[in-house]
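# Structural characterization, general
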Amino acid sequence: MTDAPSYGFDTLQIHAGARPDPATGARQTPIYQTTSYVFRDADHAAALFNLQEVGFIYSRLTNPTVAVLQERLATLEGGVGAVCCSSGHAAQIMALFPLMAPGCNVVASTRLYGGTVTQFSQTIKRFGWSAKFVDTDDLDAVRDAIDENTRAVFCESIANPGGYVTDIRAMADVADAAGVPLIVDNTTATPYLCNPIAQGATLVVHSTTKYLTGNGTVTGGVVIDSGNFDWSASDKFPSLSAPEPAYHGLKFHETFGSLAFTFHGIAIGLRDLGMTMNPQAAHYTLMGIETLSLRMQRHCENAMKVASWLEQDERVDYVTYAGLPSSPYYERAQACYPKGTGGLFTFAVKGGYEACIKLVDALEIFSHVANLGDTRSLIIHSASTTHRQLTPEQQEAAGAGPNVVRISIGIEDADDLIADLDQALTKACG
Ligand SMILES: *Cc1c(COP(=O)(O)O)cnc(C)c1O
């Protein structure tokens, strides 16, 4: 299928990037389980290695199954190109890699997936990079945090774990004014509920492990480029604007224009960091994406029902779901996320840490796992697991205090989920 922007989301989630296999006519995208590709002749090989011709060389760089997924995700997000990676965390490093250098920083939201807080506050220091965390509801604080060494602003659309919703347009305006790209982790919203690029984001990253695959089978990630950022407007992004010694002085931005970031991600990022998605993973994720809109609708519907029930239960202190009229984020959610605010939120149990532990153990339908965005309902006590490495202050800032559990509402019968929570709360608080 040629990518006609006139097609609707439901059509694109099935067809974008895919076409009948040219060799066999296979209707479903084959899993090209191969590491290498025969060159037509020596000239063809040389042209590929010089980036003069686009084609398949070696599966650390590109693979036809992965390429279909890349095209589909770029289309769904409204970007010009995408690079798939081995995990969501790999995608975050791959997004920052062309932008950062030793001494540079990223200004990041305090409300991020716990693993991202750890990656940004600890691990990236080994590269000489750093992160400055700010409350992204305070735009002045974001503005103030950006300094001459800032190379990106990073936030989540619907922030894990609380399900807080970010005003991406407002964040993009701040980043724009400072001449740095806005990177949005759109994992928990998915392109069905939110298109960060349409609201001014430069780059979108996903953990495809979650809703995009949707069935808890494979880890994966992706970086999608809007193609809208002028990498040559300042001298801040030499990896993209200045001569690249590894390619005989080629300048990515000058040569590839709006595809500079994507080409760099493959030709330098995947080539040298090797955080490649394998074709099996791409296959599972392609299968998942075919039903993304249907699942997201049900996730949102179910989450609304469960959150409303929890909110009126006397054993529950508060519920953070932004779809609830009582949420401080309700107005913003209605304005920025009109199709719904996803299936992820937290609630606080009056019995505190001990009750949370008992609750998690007493549930029967909900699985106690460190994952989200599955068809199955999932629960985790963040403070004792995903956010365990954080300080108490960081836990609170991330909305993952000791009395808080995070749930990822699946697509089962909402009544069954409510009954399960009811019996488990009785055991936990009784
Ligand atoms: C899971 C997750 C990640 C990390 O992705 P992995 O695939 O587990 O590496 C990043 N951001 C968010 C919002 C996530 O939920």
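### What about the site of the ligand?
Near the ligand there are 15 residues, and of these Gly88, Asp185, Ser207, Thr209 and Lys210 occur at the shortest range. Between histidine 89 and the ligand, the recorded distance is 2.9 Å, taken from a backbone N or O atom to an oxygen atom. Within the contact set of the ligand, an oxygen atom lies 2.7 Å away from a side-chain nitrogen or oxygen of lysine 210. Here the shell around the ligand takes 3 residues from helix 4 (residues 88-96), the largest share from any one element. Class assignment for the residues of the shell around the ligand results in 2 nonpolar, 10 polar and 3 charged.

### As for unusual backbone geometry
Backbone geometry places threonine 190, a non-glycine residue, at a positive phi of 70 degrees. Here threonine 190 is to be found in helix 8 (residues 190-193). One non-glycine residue with positive phi stands out, namely histidine 248, at about 55 degrees. Relative to the helices and strands, histidine 248 is located in the loop between helix 9 (238-241) and helix 10 (252-256). For histidine 248, a relative accessible area of 72% translates into the label exposed.

### Overview of the sheet that holds strand 7 (residues 182-185)
Taken in spatial order, the 7 strands make up an open sheet running 1-9-8-7-4-2-3, and their pairing is mixed. A single partner strand is all that each edge strand has here, and the edge strands are strand 1 (81-85) and strand 3 (130-134). Across the sheet, the axes of successive neighbouring strands diverge by a mean angle of 20 degrees, strand direction being ignored. As paired elements, strand 2 (residues 105-109) and strand 3 share 5 bridges and run parallel to each other. Bridge pairing in strand 3 places asparagine 105 opposite serine 130. Relative to the sheet, helix 3 (residues 64-77) contacts strand 1, strand 8 (203-207) and strand 9 (221-225), its axis offset from that of strand 1 by approximately 130 degrees. This element, helix 11 (residues 260-273), spans strand 1, strand 8 and strand 9 of the sheet and lies at about 25 degrees to strand 1.

### Concerning the packing of helix 4 against helix 5 (residues 114-121)
It is at 11 Å that the axes of helix 4 and helix 5 come closest, and there the two elements cross at 40 degrees. Judged by the angle between their axes, helix 4 and helix 5 are oblique. Two packed elements cross with a definite hand, and for helix 4 against helix 5 that hand is right-handed. Side by side, helix 4 and helix 5 meet where His89, Gln92, Ile93 and Leu96 of the first sit next to Gly115, Thr116, Gln119 and Phe120 of the second. Along the lines of polarity and charge, the residues of the contact of helix 4 with helix 5 split into 3 nonpolar, 5 polar and no charged.

### As for the state of the cysteines
Considering all chains together, one arrives at 0 disulfides under this definition. Note on cysteine 84: no disulfide assigned, nearest cysteine sulfur contributed by cysteine 85 at a separation of 7.0 Å. The class for cysteine 84 is buried, based on a relative accessible area of 1%. Unpaired in terms of disulfides, cysteine 429 finds its nearest cysteine sulfur in cysteine 356, a separation of 8.4 Å.

### Description of the nonpolar core
Core analysis: the biggest nonpolar cluster contains 87 residues, and Leu182, Leu310, Phe345, Phe347 and Leu359 have the highest contact counts within it. The biggest single contributor to this core is helix 13 (residues 292-311), with 8 residues. Both domains that furnish three or more residues to this core are identified here as domain 1 (8-288) and domain 2 (292-429).

### A few points about the sheet that holds strand 12 (residues 367-368)
What the 5 strands build is an open sheet, ordered 10-11-14-13-12; its pairing is mixed. Both edges of this open sheet fall to strand 10 (316-319) and strand 12, since each of them pairs with a single strand only. The pairing of strand 13 (residues 378-380) with strand 14 (residues 404-408) spans 3 bridges and is antiparallel. Looking at strand 14, one finds that isoleucine 380 is bridged to arginine 406.

### Here we look at the environment of phenylalanine 263
Tracing the backbone through its elements, the reader meets phenylalanine 263 in helix 11. In contact with phenylalanine 263, not counting residues within four places along its chain, are Val54, Phe252, Phe256 and Ile268.

### Here's the deal with the domain arrangement of the chain
The assigned domain composition of the chain is domain 1 (8-288) and domain 2 (292-429). Look at where the C-alpha atoms of domain 1 and domain 2 centre, and you get two points 29 Å apart. Across the domain 1/domain 2 interface, buried area totals approximately 3300 Å², and carbon plus sulfur atoms make up 57% of it. Ranking the residues of domain 1 by area buried against domain 2 places Pro161, Tyr192 and Tyr211 at the top, with a combined share of 24%. The tally of links between domain 1 and domain 2 comes to 1 salt bridge. Across the salt bridge formed by arginine 332 and aspartate 137, the nearest N and O atoms sit 2.9 Å from each other. Along the contact surface separating domain 1 from domain 2 lie 15 residue pairs in polar contact (both at pLDDT 80 or more). The residue makeup of the side of domain 1 that touches domain 2, split by class, is 16 nonpolar, 19 polar and 5 charged.

What counts as what
Residues numbered from 1 in each chain as written. Predicted model: local features only at pLDDT ≥ 70, side-chain atom pairs only at ≥ 80, totals over all residues. Heavy atoms only, no water. Near = heavy atom within 4 Å. Polar contact = N/O pair within 3.5 Å; in protein donor to acceptor, adjacent residues only side chain to side chain. Helix = DSSP H or I, 4+ residues; strand = E, 2+ residues; numbered from the N terminus. Nonpolar A, V, L, I, M, F, W, Y, C, P; charged D, E, K, R; others polar. Buried < 20%, exposed > 50% of the residue type's maximum accessible area, 1.4 Å probe, protein only. Pairing = 2+ DSSP bridges. Axes fitted to C-alpha atoms, helices over the stretch in contact; angles between N-to-C directions. Contact = heavy atoms within 4.5 Å. Parallel < 35°, antiparallel > 145°, perpendicular 65-115°, else oblique. Left-handed = near helix turned anticlockwise from the far one by under 90°. Disulfide = S-S within 2.5 Å. Core = buried A, V, L, I, M, F, W, Y, C linked by side-chain atoms within 4.5 Å. Domains from an automatic or database assignment. Buried area = accessible area lost by both parts, 1.4 Å probe. Salt bridge = Lys/Arg side-chain N within 4 Å of Asp/Glu carboxyl O.

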